[in-house]
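# Results of the structural survey
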Amino acid sequence: PFVMVSALVALLAGVGLVSSSTVQIWTFLLVNVLLAQSINVLTGVAGQISLGHAAFVGMGAYGSALLMQRMGLALPFSVLGGTLLGAAAGWLLSFAAGRVREFYLAMMTLGFGMIFFEVLREWTSLTGGMVGLSGVPSPGLKSLVVFGWKVDAVDYFRIVLVVTAGVMWLLNNLLSSPYGRAYFAIHASEVAAGSLGIPRAGTKREAYVVSAALAALAGAFYAHLVGYLGPDGFTLNRSVE
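Note that the structure is predicted; figures quoted are calculated from it, not measured. (Residues numbered from 1 in each chain as written. Predicted model: local features only at pLDDT ≥ 70, side-chain atom pairs only at ≥ 80, totals over all residues. Heavy atoms only, no water.)

Under the criterion given, the structure shown has 8 aromatic pairs. Taking 4.9 Å as the distance between ring centres and 85° as the angle between the ring planes, the aromatic pair formed by Trp 91 and Phe 95 counts as edge-to-face. You can see Trp 91 and its partner Phe 95 sitting in helix H4 (residues 75–97), 4 residues apart, about one turn around the helix. Centroid distance Tyr 156 to Phe 221: 6.2 Å. Interplanar angle 75°. Geometry classified as edge-to-face. Here Tyr 156 is found in helix H7 (residues 153–175), whereas its partner Phe 221 is found in helix H10 (residues 200–226), with 65 residues between them in sequence. A relative accessible area of 1% means that Tyr 156 is categorised as buried. (Phe/Tyr/Trp six-rings, centres within 6.5 Å; stacked < 30°, edge-to-face > 60°. Helix = DSSP H or I, 4+ residues; strand = E, 2+ residues; numbered from the N terminus. Buried < 20%, exposed > 50% of the residue type's maximum accessible area, 1.4 Å probe, protein only.)

Next up, the structure:
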């Protein structure tokens, strides 16, 4: 813990000494750390397949961008709203996912991702369609203001870093708790886990919700990092990547 805290403090203090392009790369790295943990919870720990994870990322991205652009919400509330939107979608998807497995589960999540892409492309009044959503408040455009404080690239990196560190700490506690051990048990053998009294459907549902929320959180931070969103950023290829 001491080494991790020291590294966190060093990054928070030292980020102002590097170039703006390096800061942006580091921020992209943190966004991908969140996304990797999303996949890790669902597939690596709980053993569930998802080929449509880009849809959860897109929900968080578009959700946070639209909440800020059209409703004027501050960054913390727009990011939270985008995260909750992704978590709600994961919860709904988990009911169907709990009834299938392996090949059929992969096909179902693939279909979910393809449907989301079509929604982004066709709902032009909301998402901008193939033209995309431009002018998303971001440090790069010098348009991101939080409670009167103009956020630059360094400030944004620090925000994402603190949130990522907090998420990693929470995940570490979750996966070492009875809930996390239930995910491991489901992965190893659903039948054996059920015989021990672990609710199989409920446990998989929880894993989907946690995973979708993490993916949406990554998407929300991604939206305000790049300042532009288009359907091509949330295709099947992105899910595979």
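Right, let's get into the confidence of the model for the protein. Per-residue confidence for the protein averages 88 on the pLDDT scale, and 97% of its residues sit at or above 70. The least confident element of the protein is helix H1 (residues 2–14), whose mean pLDDT is 77; the most confident is helix H3 (residues 53–71), at 93. (pLDDT = per-residue confidence, 0-100.)

This part takes up the side chain of Ser 64. Mapping Ser 64 onto the fold places it in helix H3. Relative accessible area serves as the criterion here: at 0%, Ser 64 is assigned to the buried category. Residues within four places of Ser 64 in sequence aside, it is in contact with Ser 78, Val 79, Gly 82, Ala 220 and His 224. (Contact = heavy atoms within 4.5 Å.)

In this structure, Tyr 156, Phe 221, Leu 229 and Phe 234 are the most contacted members of the largest nonpolar core, which totals 55 residues. When residues of this core are traced back to their parent elements, those giving at least two are helix H2 (20–45), H3, H4, helix H5 (103–122), H7 and H10. Discounting chain neighbours no more than four positions away, the residues touching Phe 234 are Ala 54, Val 57, Gly 58, Ala 61, Tyr 62, Phe 116, Phe 117, Leu 120, Tyr 222 and Leu 229. (Core = buried A, V, L, I, M, F, W, Y, C linked by side-chain atoms within 4.5 Å.)

Now for the packing of H2 against H10. Contact pair H2 / H10: the axes reach a minimum separation of 7 Å and the direction vectors enclose 165°. Taken together, the axes of H2 and H10 lie roughly antiparallel to each other. For the pair H2 and H10, the crossing hand works out as left-handed. Together, Gln 24, Thr 27, Phe 28, Val 31, Leu 34, Leu 35, Gln 37, Ser 38, Ile 39, Val 41 and Leu 42 of H2 and Ala 207, Tyr 208, Val 210, Ser 211, Leu 214, Ala 215, Leu 217, Ala 218, Phe 221, Tyr 222, Leu 225 and Val 226 of H10 make up the contact between the two elements. Looking at the contact of H2 with H10 residue by residue, the class counts come to 18 nonpolar, 5 polar and no charged. (Axes fitted to C-alpha atoms, helices over the stretch in contact; angles between N-to-C directions. Parallel < 35°, antiparallel > 145°, perpendicular 65-115°, else oblique. Left-handed = near helix turned anticlockwise from the far one by under 90°. Nonpolar A, V, L, I, M, F, W, Y, C, P; charged D, E, K, R; others polar.)

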